[in-house]
Amino acid sequence: MPLFNENKFKLRKIDKIANKIEDLASKYSAMDDDTLVAQTQVLKDRLAKGETLDQILPDAYALVREASERVLGMRHFHVQLMGGIALHQGRIAEMGTGEGKTLVATLPAYLNALTGKGVHVVTVNDYLATRDAAWMGKLYKFLGLTVGVVVPQMSSDAKKKAYESDITYCTNNELGFDFLRDNMV
């Protein structure tokens, strides 16, 4: 199968999942804040009972989308849902400046944080790591998750605490050097 056709096939599959998320919008918009927040535990329970991340993805993404609109005043567009699905699948989602990469990343970050194993969102500079942890952190905290940020000049204890968060924002350099430091001791 030529690459172009293969990509079209994959995009159609991702589009179908995004449509499932769109179909759940009214379910989550009808919930009050307390009920919406409680859905994080509902999703964790579903995982504990044997469902996979892929199975709970439509509900998790619909939940994040609704919470984002309430907390940040930002609603993920259909194409952003598709980007979030692609990222969760380990694919590359190319987006230009201003197309919402920061918001898109909230979808797979939240979903994967539900496992309790921690998620690292890696950025290219300290400004973005700090900004995004504070900005998107409001959304994650609303949904009951913890958020940390790792930047240079932090103490070892502060870094350890940040890395123990459900979602940790850090720079590629700091993450790489922390890995080296930990493995040299």
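Here the structure is shown first, and the text comes after it.
Fair warning: this is a prediction, and the values are worked out from it, not measured in the lab.

### Quick notes on the packing of helix H5 (residues 78-88) against helix H6 (residues 101-113)
For the pair H5 and H6, interaxial distance at closest approach is 8 Å and the crossing angle is 45°. Classed by the angle they form, the pair H5 and H6 counts as oblique. H6 is crossed by H5, and the crossing has right-handed handedness. Each of Gln-80, Leu-81, Gly-83, Gly-84, Leu-87 and His-88 in H5 lies in contact with H6, whose residues at this interface are Leu-103, Val-104, Leu-107, Pro-108, Leu-111 and Asn-112. A class-by-class count of the residues in the contact of H5 with H6 yields 7 nonpolar, 5 polar and no charged.

### Describing the sheet that holds strand E2 (residues 147-150)
If you walk across this open sheet you meet the 3 strands as E1-E3-E2, and the pairing is parallel. A strand with exactly one partner marks an edge of an open sheet, and here the two such strands are strand E1 (119-123) and E2. Averaged over all pairs of adjacent strands, the angle between their axes in this sheet comes to 20°, without regard to strand direction. With 4 bridges connecting them, E2 and strand E3 (residues 167-171) associate as parallel partners. Bridging from a neighbouring strand, Val-147 pairs with Ile-167 of E3. Relative to the sheet, helix H7 (residues 126-142) contacts E1, E2 and E3, its axis offset from that of E3 by approximately 170°. Relative to the sheet, helix H8 (residues 156-163) contacts E1, E2 and E3, its axis offset from that of E2 by approximately 135°.

Cut-offs used in this document
- Residues numbered from 1 in each chain as written.
- Predicted model: local features only at pLDDT ≥ 70, side-chain atom pairs only at ≥ 80, totals over all residues.
- Heavy atoms only, no water.
- Axes fitted to C-alpha atoms, helices over the stretch in contact; angles between N-to-C directions.
- Helix = DSSP H or I, 4+ residues; strand = E, 2+ residues; numbered from the N terminus.
- Parallel < 35°, antiparallel > 145°, perpendicular 65-115°, else oblique.
- Left-handed = near helix turned anticlockwise from the far one by under 90°.
- Contact = heavy atoms within 4.5 Å.
- Nonpolar A, V, L, I, M, F, W, Y, C, P; charged D, E, K, R; others polar.
- Pairing = 2+ DSSP bridges.

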